[in-house]
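# Commentary on secondary and tertiary structure
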Amino acid sequence: MKKIIPLLLAFFMFSHCNKEPENKAEISVPSKTWWKEAVVYQIYPRSFKDTDGDGVGDIKGIISKLDYIKSLGIDVVWLNPIYGSPNADNGYDISDYKAIMKEFGTMEDFDALLKGMHEKGLKLVMDLVVNHTSDEHPWFKESRKSRDNPYRDYYHWWPAEKGKPAFRPGAFEADGSGWRFDSLTNAYYLHYFSYKQPDLNWENPKVRHEIYDMMNWWLKKGIDGFRMDVIPFIAKDTTFPVITQADLDKNYHGRWDVYMASGPHLHDYLKEMNSEVLSKYDCMSLAEGAGMLKSTALNFVDEDRHELNMGYHFDGVNLGYIPGHFKKMDPNWSLVEFKKIYSDWDAVYKDKGWGTIYLGNHDQPRMVSRWGNDTPKFRAYSSKMLTTFLLSMRGTPYYYYGDEIGMTNAYFDSIEDYRDIETIAEYEKVKIAGGDLQQFIEDQKTGGARDNGRTPMQWDTTANAGFTAGTPWLSVNKNFNQVNVASENKTPNSILNYFRKMVKLRKENPVLIYGAYHLLQAEHPDIYAYTRILNDKKMLILLNFSDHNSNINLKEIETKEGTLINNYESVDIENDKINLLPYQAVIFSIK
Ligand code: NOJ
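Our subject in this report is the structure included herewith. Computed from a predicted structure; not experimentally measured.

Criteria and thresholds
- Residues numbered from 1 in each chain as written.
- Predicted model: local features only at pLDDT ≥ 70, side-chain atom pairs only at ≥ 80, totals over all residues.
- Heavy atoms only, no water.
- Pairing = 2+ DSSP bridges.
- Helix = DSSP H or I, 4+ residues; strand = E, 2+ residues; numbered from the N terminus.
- Contact = heavy atoms within 4.5 Å.
- Axes fitted to C-alpha atoms, helices over the stretch in contact; angles between N-to-C directions.
- Parallel < 35°, antiparallel > 145°, perpendicular 65-115°, else oblique.
- Left-handed = near helix turned anticlockwise from the far one by under 90°.
- Nonpolar A, V, L, I, M, F, W, Y, C, P; charged D, E, K, R; others polar.
- Buried < 20%, exposed > 50% of the residue type's maximum accessible area, 1.4 Å probe, protein only.
- Arc of directions from axis to C-beta.
- Near = heavy atom within 4 Å.
- Polar contact = N/O pair within 3.5 Å; in protein donor to acceptor, adjacent residues only side chain to side chain.
- Areas by Shrake-Rupley, 256 points an atom, 1.4 Å probe, with all protein chains shown as cover.
- Phe/Tyr/Trp six-rings, centres within 6.5 Å; stacked < 30°, edge-to-face > 60°.
- 1 Å grid on protein atoms, 1.4 Å probe; cavity = no way out; pocket = protein on both sides within 12 Å on 5 of 7 lines; lining within 4 Å.
- Points joined across faces, edges and corners; volume = space filled by probe spheres on them.

Here we come to the sheet that holds strand β2 (residues 76-79). Spatial ordering of the open sheet is given by β11-β10-β9-β5-β2-β1-β13-β12, a layout of eight strands whose pairing is parallel. Edge strands, defined here as strands with exactly one partner in the open sheet, are β11 (310-312) and β12 (356-357). Pairing between strand β1 (residues 40-43) and β2: four bridges, direction parallel. Paired with tyrosine 41 across the strands is valine 77, a residue of β2. This element, helix α6 (residues 107-119), spans β2 and β5 (123-128) of the sheet and lies at about 140 degrees to β5.

Before going further, it helps to examine the packing of helix α8 (residues 205-221) against helix α11 (residues 266-276). One can describe the packing of α8 onto α11 by two numbers: an axis separation of 10 Å at closest approach and a directional angle of 40 degrees. When the axis of α8 is compared with that of α11, the two are oblique. With respect to the hand of their crossing, α8 and α11 are arranged in right-handed fashion. Listed contacts from α11 to Arg208, His209, Tyr212, Met215 and Asn216 of α8 are Tyr269, Glu272, Met273 and Glu276. Among the residues making up the contact of α8 with α11, the classes are represented as four nonpolar, two polar and three charged.

All of the buried residues in α11 are Leu266, His267, Tyr269, Leu270, Met273 and Asn274. The buried side chains of α11 occupy one side of the element, clustering within an arc of 155 degrees when seen end-on. Where the residues of α11 are buried, they touch β5, α8, β9 (225-228) and α12 (297-301).

This part covers the site of the ligand. Near the ligand you find 13 residues, and of these Asp89, His132, Asp229, His362 and Asp363 are the closest. A distance of 2.5 Å separates an oxygen atom of the ligand from a polar atom in the side chain of aspartate 89. The side chain of aspartate 229 places a nitrogen or oxygen atom 2.7 Å from an oxygen atom of the ligand. Protein coverage of the free-state accessible area of the ligand, which is 300 Å², stands at 97%. Looking at the shell around the ligand, its residues break down into four nonpolar, two polar and seven charged.

Further remarks concern the packing of aromatic side chains. Summed over all chains, the structure comprises 50 aromatic pairs. Their ring planes at 70 degrees and their centres at 6.4 Å tell us that tyrosine 41 and phenylalanine 48 sit as a pair that is edge-to-face. Relative accessible area serves as the criterion here: at 0%, tyrosine 41 is assigned to the buried category. On the basis of relative accessible area, phenylalanine 48 is assigned to the buried category, the value being 0%. Here phenylalanine 338 and tryptophan 371 contribute two aromatic rings whose centre-to-centre distance is 5.4 Å and whose plane-to-plane angle is 55 degrees, an arrangement assigned as tilted. Of this pair, phenylalanine 338 sits in helix α14 (residues 335-348) while tryptophan 371 sits in helix α15 (residues 367-371); the two residues are 33 residues apart in sequence, bridging distant segments of the chain.

Roughly 510 Å³ of volume is contained in the second largest pocket. Taken together, 22 residues form the lining of the second largest pocket, with Pro331, Trp333, Arg370, Gly372 and Tyr583 sitting closest to its centre. By residue number, the principal contributor to the lining of the second largest pocket is α15, which donates three residues.

Now the structure itself:
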């Protein structure tokens, strides 16, 4: 034993001193799959294209734009919910999982869409909303009827004779409560979102199997996967222990991560879902990862666990919100923190699993208004710069409709302009508290009001930007004469054509998909610089996130081979110093 220890020690020291260069191990290519190589384009169907003049986008509208969608070069389309729904939360309140929302069309329309997409080599991913249903779903209608109804245990009920249940927040309720009293059976039911969205009880195996049957039904129809709405929330501590407001306030997101979601059986359910459904198809699965932490992410997506493929975290999009205010944005958010978030998340998936990258979606303000600069001077440069970021990072990019033409926040002046249940509830909260309503409206213009990202697609300069012949359900952004597909299509160096170019660059260069990522000069306040390396292929990516000239010294530039993309005409390099113009984005191939 005495001899063995020094031997082991020597071996340990030797193996550490002679460690291979850090990135050697990172260069190993993760197992290749289509969904890692895909660029996903998200369509909010309500706002994409209306063909019947009711002011609401529809499936026929998406079909009419398939050539456009294909022209982007993307591979997968994720549709926000299109199922039967009374639309309390624009389809995130489903009353019939196997029907199409009337305003959107019919199942025949859907079949035609799927066929049309597949003929063009595009894949279709649906939204799966199974933490809750609508209160108008037949299961809930039954569940309400009596305490001994066979559907009672499909939801979470709390008998009133036990007293009031412990506080749970209800995200879209002005009184903030996640429990609603129902006098019919003298009981409260749980709803993490609005009272129109009662939470399903996943502890009931009947519920789980109903969901799996429904998922199989859609996958057998031929869809290519699911984006799973608030999936960590399906499992919760159903003893409903007391949570104080102070607990929740400790960490705004802790409320989901620690207290309300990710319950003890979460991964049993996901494994079961995988074996009953997902494993039977060549499909992709994406977890909406509210409640997904760096420390827990691999539990969802480590391929050896057989659960899901990818998740999207909230750390990036939560950066810069001012605590104590509803999604109020600090204009001086820090690029250094931004870089750290994306770099730390990249590290999570260094050896296992797979990540995602996004800057906008239907729950977020427009990416150019929030992370770029939507003034006329810089809107195009900064949109292109953000596109360069999204399509040059490791992880599957999720790109939101309208960002490819640089659509901006809505800048609505009045609560009457908003349609979103969340913004309206938050406004009511401010009103009840006697707060400053005008300030709230101002904050929402640049902050997080979800309707900022939901205004109708701007196709051309005709009435309502060519979105509808009727009255749009949500006002079209006033800037549609300047910002629209028709004019961007015609202009060679438009944001739209830059997006197409960037998608092509990613597709043609596996290094941009699978290559190891290395952050350079983490502390630089204006410039985000990184390399991507795959075997002998190396790229250097430089992004100036500021509205002024900025420079960076990088020895990597000395081995520059060529410039692969640039959102300006040229780039100024003196020895190892690169001078970037405001919002300049450049990708170099280097040796
Ligand atoms: C997350 C969705 O993205 C959001 O739009 C929705 O309101 C909630 N989940 C509730 O389903």
